[in-house]
Each structure stands twice: as C-alpha cells, then as structure tokens.
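Descriptive structure summary
Letter by letter, the chains look like this.
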Amino acid sequence: MKCPNCNTELRKVEVEIEDIKTPAISFQCPGCDYYSFEPESTMEIINELKEKETPLKIKQKIIKLSQDRLGMYFNKDIIKSLKLESGKEILVSVPEKNKIILQVV
Ligand SMILES: [Zn+2]
C-alpha cells in the first residue's frame, strides 16, 4: 500500500488501545503525516467496545400486589440514576417475549 499523498510505501503499525484486545492496524506514511486505519480492525474494536458497554443489570423478583396484579420494586440505584419518584409516568413496551422496556417520560 502506498501513500496517496507522496507515494511512499506505507508502514503497517499496530496501535494498542487501553482495555481493548484487538490492536488497531494503521498504515502510516514515513514521508508525510498521512495515516489511515484498516477498516476491519476498526470495526472489531468498535464491536469490542459495544460489548463492554454493559448497562445496569439487576436481578429482581416479581411480587404479587393483588389478585391479578404483579409488580416489582425499583432499588435506590435505579431510582437515583433515573430520578424516579412516585406518581411519575413510564411507558412500558414489550419488544420481545422475554424483554420489557420501561421508558421514563
Ligand atoms: Zn506520504
């Protein structure tokens, strides 16, 4: 691969990113400031970053409120991070059979 600016042979350099297993492969020109990243390794890094982004996940039990009503509690971490309070409205949607999304409105 040659530099599009000065036609010098590009140098392949592996760039290590903190906390990421996949090194970023970049091509750097020794002649000028040109450099580019290999698209495949860039995609892998993006995927790895996405996997790391684990959202707050808490296991909770469904409780029986009355004859035909079930409910659950929100613990204080969720209350604090979403600023929930009694009387506030939330939208409930079921995108998949095993998923419930609660959206604070
Ligand atoms: Zn160059």
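All residue numbers here refer to positions counted from 1 along the written sequence of the relevant chain. In view of the model being predicted, local features appear only for residues whose pLDDT reaches at least 70, and side-chain atom pairs are presented and counted only at 80 or more, with totals across whole chains, interfaces and linings using the full set of residues.

Further remarks concern the overall build of the protein chain. Of regular secondary structure, the protein chain possesses 2 helices and 7 strands. Starting at the N terminus, the α and β elements of the protein chain follow one another as β-β-β-α-β-β-α-β-β. Restricting the calculation to C-alpha atoms gives the radius of gyration, and the globule rule supplies 2.2 Å times the number of residues raised to the power 0.38. Whereas a compact globule of 105 residues would reach a radius of gyration of roughly 13 Å, the protein chain reaches 25 Å, over 25% beyond that. Expressed as lengths along the three principal axes of its C-alpha atoms, the size of the protein chain is roughly 75 × 25 × 20 Å. With C-beta atoms placed from the backbone, the exposure class of a residue follows from how many other C-beta atoms lie within 10 Å of its own: 20 or more, buried; 12 or fewer, exposed; in between, partly exposed. Evaluated residue by residue, the protein chain yields a buried proportion of 2% over its 105 residues. Residue pairs at least 24 apart in sequence account for 19% of intrachain contacts in the protein chain once pairs closer than 6 positions are excluded. For the purposes of this entry, the term helix denotes a DSSP run of H or I that reaches at least four residues, the term strand denotes a run of E that reaches at least two, and both are numbered from the N terminus. We call two residues in contact when the distance between their C-beta atoms, placed using the backbone, is within 7 Å.

The next subject is the sheet that holds strand β3 (residues 35-37). For two strands to count as paired, DSSP must find a minimum of two bridges between them. Spatially, β1-β2-β3 is the arrangement adopted by the 3 strands of the open sheet, whose pairing is antiparallel. Where the open sheet ends on each side, the last strands, each with one partner, are β1 (11-15) and β3. Each strand of the sheet is rotated relative to its neighbour by a mean of 30°, with strand direction disregarded. Across 5 bridges, the pairing between β1 and strand β2 (residues 24-28) is antiparallel. Following the sheet pairing, V15 is matched in β2 by A24. Between N-to-C directions, angles span 0 to 180 degrees; the directions come from axes that are lines fitted to C-alpha atoms, helices contributing only their stretch in contact. Those strands touched by helix α1 (residues 39-52) are β2 and β3, and its axis lies near 145° from that of β2.

Let us now look at the confidence of the model for the protein chain. On a scale of 0 to 100, pLDDT captures the predictor's confidence in every residue. Per-residue confidence for the protein chain gives a mean pLDDT of 87; residues scoring 70 or more make up 97%. Mean pLDDT values for the elements of the protein chain range from 83 in α1 up to 93 in strand β4 (residues 63-66).

Position of K64 relative to the elements: it lies in strand β4. Sequence separation between K64 and V94 is 30 residues, and the spatial gap between their C-alpha atoms is 20 Å.

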